[in-house]
Amino acid sequence: MALLYSELRVIARREHFRAGQPQTLQPTALINEAYVKLQRRAGWESQSHFLGCAATAIRHILIDAARARMASKRDAPSYSFTQSLDSMAAAIPEDAEIVKLGEALRVLSEVDTNLAKVVDCRFFAGLDEKETAAVLGVSDRTVRRWWVQARAWIHVEMAA
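A. Molecular detail of the overall build of the protein chain. A count of helical and extended segments in the protein chain gives eight helices and zero strands. Written out in order from the N terminus, the α and β elements of the protein chain read α-α-α-α-α-α-α-α. Each of the 160 residues in the protein chain was classed as buried or not, and the buried ones make up 41%. The long-range fraction of contacts in the protein chain, counting pairs at least 24 apart against all pairs at least 6 apart in sequence, stands at 66%. Entry remark: accessible area of the protein chain is about 8500 Å², with carbon and sulfur atoms responsible for 54%.

In structure tokens, the structure reads:
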């Protein structure tokens with residue numbers, strides 16, 4: 001964890017920005033919460049594997065925080081989020097969008113775990129195709145194909 005702190009900080013800052021406002025958890029708090037979730041596990045396969053798991057943990061923390069905020073705001077506005085994952089990275093989402101994305105990824109992991117893992121690696125951990133392929137033990141081309149499928153599936157799910 002200490003060796004990869006700077007990379008974790010980059011991931012936490014990016015996810016903090018993507019989570020939008022009002023955000024109560026700062027990047028350092030996100031890293032600390034992720035550490036609490038990840039400290040019980042040992043035997044990481046690689047740095048990319050660890051960073052992918054950390055990004056997933058950070059995503060879960062942000063989704064849980066958004067759910068908690070929404071519980072206190074029952075009249076929160078909602079709108080259909082039909083943008084692709086690439087444009088969603090540039091947008092500042094509302095809490096409802098974060099929760100909706102979390103639910104879509106949960107369903108995706110039930111439908112096809114490989115697609116969900118690709119989303120975690122590519123979108124949340126910021127890994128490129130080669131790093132994602134190494135983490136998942138598949139070819140770059142397979143990662144590319146799964147990434148296209150996952151984005152399309154989430155696009156449809158978020159639009160519904």
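B. Region of interest: helix H2 (residues 27-38). The end-to-end C-alpha distance of H2, which contains twelve residues, comes to 16 Å, matching closely the 16 Å that a straight helix rising 1.5 Å per residue would cover. Within the span of H2, buried status applies to Pro 27, Leu 30, Ile 31, Ala 34 and Leu 38. Down the axis of H2, the buried set is contained in an arc of 100°. They therefore lie on one face.

C. View of the pattern of salt bridges. Per the counting criterion, the structure on display carries four salt bridges. Here Glu 129 makes a salt bridge to Arg 144, at a shortest N to O gap of 2.9 Å. On the criterion of sequence distance, the pair formed by Glu 129 in helix H7 (residues 129-136) and Arg 144 in helix H8 (residues 140-159) is long-range, its members being 15 residues apart. Judged by relative accessible area, which is 22%, Glu 129 ranks as partly exposed. Beyond isolated ion pairs, a larger network of salt bridges with shared partners links Glu 103, Arg 106 and Glu 110.

D. Local environment of the side chain of Thr 132. Among the structural elements, Thr 132 can be located in helix H7. Contacts of Thr 132, omitting those with residues within four sequence positions, involve Val 118, Cys 121, Arg 122, Leu 127 and Val 143.

Procedures and definitions
Just so you know, the residues in each chain are numbered from 1, in the order the chain's sequence is written. It should be noted that, the model being predicted, local features are given only for residues of pLDDT at least 70 and side-chain atom pairs only at 80 or more, the latter also being counted only at that level, while totals for whole chains, interfaces and linings use all residues. Heavy atoms from the whole structure form the basis of all side-chain values; hydrogens and water molecules are not counted. Going along the chain from the N terminus, every DSSP run of H or I of four or more residues is numbered as a helix, and every run of E of two or more is numbered as a strand. Working definition: with a 1.4 Å probe on protein chains only, accessible area under 20% of the residue-type maximum means buried, over 50% means exposed, and in between means partly exposed. In this description, contact between two residues means that some pair of their heavy atoms is separated by no more than 4.5 Å. Shrake-Rupley sampling with a 1.4 Å probe provides the accessible areas, and residues are treated as covered by the protein chains on show and by no other component. A helix's residues, less one, multiplied by 1.5 Å, set its expected span. Within this analysis, the arc is defined by the directions that extend from the helix axis to the C-beta atoms. By convention in these notes, a salt bridge is any Lys or Arg side-chain nitrogen within 4 Å of a carboxyl oxygen on Asp or Glu.

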